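Residue strings, one per chain:
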Amino acid sequence: MKYKDNIIYIIVMTFLLFYFEPSQKKFYLKNDIDNFESDYYWKMIFVIIILILLFLSWRILKVKENKIKSLLFPLLNVTFYSLFIAFILQNIIISIVLFTNRFIDRSQTQMIYKVEYYKANNYLKIINEKKSDTINNVLEEEFLNRLENLRIKKKLKSIIKSDTIHIKFKNGLYGIKYKND
């Protein structure tokens, strides 16, 4: 039992990396995850670091240690480790945010897509009218499989070139749209 904590850590990290993280991505389009990652992830980490630093500063000042050295070193230390952990565990943190996004539905959005099929390389691409969202079978295989299962369940005809698809997304707690069928 000497290595109990290490074994628990390895089990938890294995679960998060190989089951939890991939299972969250099946609800979202790759474009939405990329937008969240580029627009909000580092801002979110920055706010969390500021909150940690404020709490740490408050705790140090509460103990009445007024030496600048004793305040500066822990603040820099926490900042460095927080950024390091945010960088290393970025995919896990994003998966946790995506998971919590689905807790509360704020609204629904219906997107209209047009199907393009390239027979030469068996490539399917579904594009919305604004061309901001694209679903393709290379990046979103799981998402397309879910759409296909839904199509079969509702007994609809097969998807062919130039078809128009209406997909209802839910906007979650953080405003990131997802498909929950």
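Residues numbered from 1 in each chain as written. Predicted model: local features only at pLDDT ≥ 70, side-chain atom pairs only at ≥ 80, totals over all residues. Heavy atoms only, no water.

Undergrad: Quick question: what am I supposed to make of the overall build of the chain here?
TA: In terms of helices and strands, the chain carries five helices and five strands. Counting helices and strands in the order they occur from the N terminus, the chain gives α-α-α-α-β-β-β-α-β-β. Evaluated residue by residue, the chain yields a buried proportion of 32% over its 181 residues. Residue pairs at least 24 apart in sequence account for 65% of intrachain contacts in the chain once pairs closer than 6 positions are excluded. (Helix = DSSP H or I, 4+ residues; strand = E, 2+ residues; numbered from the N terminus. Buried < 20%, exposed > 50% of the residue type's maximum accessible area, 1.4 Å probe, protein only. Contact = heavy atoms within 4.5 Å.)

Undergrad: Is there a simple way to explain the side chain of Lys179 in this structure?
TA: Counting through the fold element by element, Lys179 comes out in the segment after strand E5 (177-178). Classification of Lys179 by relative accessible area gives buried; the value is 7%. Of the polar contacts made by the side chain of Lys179, one reaches the backbone oxygen of Lys168; its length is 3.2 Å. (Polar contact = N/O pair within 3.5 Å; in protein donor to acceptor, adjacent residues only side chain to side chain.)

Undergrad: Is there a simple way to explain the pairing of strand E4 (residues 164-171) in this structure?
TA: The two faces of the sheet receive side chains in turn, since in a regular strand these alternate between them. Side chains of E4 alternate between two faces, with Ile165, Ile167, Phe169 and Asn171 buried and Thr164, His166, Lys168 and Lys170 left unburied. Pairing analysis gives two bridges linking E4 to E5, with the strands arranged antiparallel. Directly across from Lys170, in E5, lies its bridge partner Tyr178. (Pairing = 2+ DSSP bridges.)

Undergrad: Can you walk me through the environment of Ile92 in this structure?
TA: Structurally, Ile92 can be placed in helix H4 (residues 90-101). Sequence separation between Ile92 and Glu21 is 71 residues, and the spatial gap between their C-alpha atoms is 6.2 Å. Ignoring any residue separated from it by four or fewer positions in sequence, one finds Ile92 in contact with Met13, Leu16 and Leu17.

Undergrad: In this structure, what is going on with a nonpolar patch on the surface? I would like to understand it.
TA: The grouping of Trp42, Phe80, Tyr81, Leu83, Phe84, Ile85, Phe87 and Ile88 at the surface amounts to a nonpolar patch, some 860 Å² of accessible area in total. Take the nonpolar patch: its biggest share by element is seven residues, from helix H3 (residues 68-88). Structurally, Tyr81 can be placed in helix H3. According to the relative accessible area criterion, Tyr81 is partly exposed, its value standing at 45%. (Patch = residues over 30% accessible without salt bridge, like charges linked within 9 Å, V, L, I, M, F, W, Y side chains within 5 Å. Areas by Shrake-Rupley, 256 points an atom, 1.4 Å probe, with all protein chains shown as cover. Salt bridge = Lys/Arg side-chain N within 4 Å of Asp/Glu carboxyl O.)

Undergrad: Hey, could you run me through the nonpolar core in this one?
TA: One recurring pattern in soluble globular proteins is that nonpolar side chains are buried together. Residues Tyr28, Ile94 and Leu98 are the most contacted members of the largest nonpolar core, which totals 15 residues. When contributions to this core are tallied by element, the ones reaching two or more residues are helix H2 (30-62), H3 and H4. Of all the elements, H2 adds the most residues to this core, at six residues. In terms of nonpolar packing, the next biggest core, distinct from the first, is built from eleven residues, Leu147, Ile165, Ile167 and Phe169 among them. (Core = buried A, V, L, I, M, F, W, Y, C linked by side-chain atoms within 4.5 Å.)

Undergrad: Whenever I open this one, the pattern of salt bridges confuses me. Can you help?
TA: When the charged atoms of two side chains lie near each other, side chains of opposite charge can form a pair. All told, the structure shown has four salt bridges when counted by the stated rule. Of the charged contacts, one joins Asp34 and Lys30 as a salt bridge, the two residues approaching to 3.0 Å between their closest N and O atoms. One end of the pair, Asp34, and the other, Lys30, are both in helix H2, four residues apart, so they sit about a helical turn from each other. Under the relative-accessibility criterion, Asp34 is labelled partly exposed at 33%. Using a relative accessible area of 33% as the deciding quantity, one classes Lys30 as partly exposed.

Function cannot be inferred from these measures alone, as they are strictly geometric.
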